[in-house]
Structure formats: structure tokens, C-alpha cells
Protein chains: 2
Amino acid sequence: MIKMTIAKNREVKADEYADLRKALTMIAGKWKLEILWLLYHRTHRFGELLRTIPGVTQHMLTRQLRELEADGLVTRKVFAEVPPRVEYSMTEATKALEPTIKSLMEWWQKFGKAES
Amino acid sequence: MIKMTIAKNREVKADEYADLRKALTMIAGKWKLEILWLLYHRTHRFGELLRTIPGVTQHMLTRQLRELEADGLVTRKVFAEVPPRVEYSMTEATKALEPTIKSLMEWWQKFGKAES
DNA sequence: CTGTATCCTATATGATACTG
DNA sequence: CAGTATCATATAGGATACAG
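In this text the structure is predicted, and so the values were computed from the model without any measurement.

Student: For this particular structure, what's the right way to read the protein's contact with DNA strand D?
Tutor: Residues in contact with DNA strand D amount to 23 residues; listed here are only the nearest, Lys30 and His59 of chain A together with Gln58, His59 and Arg76 of chain B. Near-protein atoms of DNA strand D (within 4 Å) split between backbone and bases, with sugar and phosphate holding 58%. For DNA strand D, a phosphate oxygen lies 3.4 Å from a polar atom in the side chain of glutamine 64 of chain A. Take arginine 66 of chain B: an N or O atom from its side chain is 3.2 Å from a phosphate oxygen of DNA strand D. Elements supplying a minimum of two residues to the surface near DNA strand D: helix H4 (58-70) of chain A together with helix H3 (46-52), helix H4 (58-70) and strand E3 (85-90) of chain B. Considered class by class, the residues forming the surface near DNA strand D number 8 nonpolar, 8 polar and 7 charged.

Structure below.
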């Protein structure tokens, strides 16, 4: 897997940026941080999230949850009941991300607020 | 500044999410991480960045730099010379952000790669 | 209750040509 | 050298109606 090309360093770095960008966009969706925050506390049903998050629509909530699920940041559990029940919960990856989010919060406290 | 409303907690939290989203989007631009990375090493001229970052156009580079500057993440220094010279460098805020970026990198190493 | 299907707008990104 | 202007495309976000 070693690339013996002159451009090796550039290729490797380009991959790293792509990775980091991917990680950022995984949580940068308009409603994702609030969804994750709620799931940090406990499992939520779809309707709970819809009622708790101000301004979000069914459509957007569904889409953000689907993306988070595809990225391994939420677990979706469907119960075969009538009426249907669906529960969303965090994953190991979500838990592991918490320190990073707090780090970003602390940075914002010191530097972000002064700008813009 | 204390809001004595029933919705106080929700309002406060909504502000926090808006802040975090702002912090994320400040560095989530397509070329921003690579720009910041280069500036972590040393000051760069516009043309250097343009030649060093593969795939970026003059137009996009200018816009990403302007956004970073507006957010306090790069310093732009214009020299009154012919031909013109413009140097971009990092700020205190940029330096302070490095641990957060590394934290995100480490998280990706453990959890991001397995998904998607 | 928990979605999906359409259609629409806003923003981000990009290609290309031109300029002090 | 370091941009700006213009036009075009891609993606994110949203309003509304309908469905299992």
C-alpha cells in the first residue's frame, strides 16, 4: 500500500483532509447536533424528537436521522406494533465524539464569540 | 439578561447549538482545513496556496480565505509593491483550534473509518 | 405514529474570462 | 500577482400533501 510516487506526501494529506471534512459534515447538518444532544441523555422516539426540537419538520428530521444512522451516529430500532414505534439512540461512536464537541465548545467560548 | 420565560432552557440550548453549528461551518468549507494546515506550518502567499492546494481555483481560494479572515481564522497582510504581494497567516484562534482538530482526527481513526 | 413523494428555494461550489 | 465579474451546477434545506 506504499505509493512510491513523487506526489506521495500530497496524496496522503489530501486523504486526511477528505477524512476530516467527512467527519465535520457528518455532524454539521442543521439539526444533527441537537439530535445528538438529546440522545446523549436518553433514547428518544421519533415523535419526541419532532416535538422537542423547535422548528424541525418531519421531512428534515427523517433525513437528518437517516444520515446520522448511515454514518453510525445513531441506532434506529423499529418495534412491530400498531401504532408503529421507532426509537433512536446513540452509539459508541456518538459517545466517543463528546469530548471533541466539548473541545469545540470551549474553543468557541474563548475565540469564536469575539469574531463576526 | 435573565429570561424569565417558561421556554428559557430551550432558548439557551438553541443558542448553544447555533454557536456550535457556526463553529463547525467556520472550518467545514471545502478547502479551509487544507488552508489552515498549510498556515500552521508557516505564512503563505496567495500564489503559494493556489499552487500547493490541488484542485482549488483562484475564485474559490479567494472566497475561502475571505471567509476565514472574516471569522478571525487567518490574517491577511497586503504589501504595497509591484507586483502585489499578499501574505496569509494563522491567528491565535487558529492555534487554539489545533487540539480540537486533532481530537476529531483521533475520533475518526477509531470510529469514522468503520462506517459508510 | 412514522414516515415518503414532490416540488421549490437558498447556499456552496465551480468554470471561465477579465483587471489594477 | 492577486484578485473580481459573470454565469452555471451541485447540494442542503424546506413546504406541503399523501401513505402504511
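Structure's up, so let's keep going.
Student: I would appreciate a short explanation of the sheet that holds strand E2 (residues 74-79) of chain A in the present structure.
Tutor: Sheets are built from strands that pair by backbone hydrogen bonding, the pairs being arranged parallel or antiparallel. Residues and elements named next belong to chain A. In spatial order, the strands read E1-E3-E2; together these 3 strands make up an open sheet with antiparallel pairing. Taken across any chain shown, the strands that pair with only one partner, and hence form the sheet edges, are strand E1 (44-45) and E2. Two elements, E1 and strand E3 (residues 85-90), share 2 bridges in a ladder whose sense is antiparallel. In the sheet register, histidine 44 faces E3, and the bridge partner there is tyrosine 88. Where helix H2 (residues 32-41) meets the sheet, its contacts fall on E1, E2 and E3, and the angle it forms with E3 comes to roughly 90°.

Rules of the game
- Residues numbered from 1 in each chain as written.
- Chains lettered and ligands numbered in written order.
- Predicted model: local features only at pLDDT ≥ 70, side-chain atom pairs only at ≥ 80, totals over all residues.
- Heavy atoms only, no water.
- Near = heavy atom within 4 Å.
- Polar contact = N/O pair within 3.5 Å; in protein donor to acceptor, adjacent residues only side chain to side chain.
- Helix = DSSP H or I, 4+ residues; strand = E, 2+ residues; numbered from the N terminus.
- Nonpolar A, V, L, I, M, F, W, Y, C, P; charged D, E, K, R; others polar.
- Pairing = 2+ DSSP bridges.
- Contact = heavy atoms within 4.5 Å.
- Axes fitted to C-alpha atoms, helices over the stretch in contact; angles between N-to-C directions.

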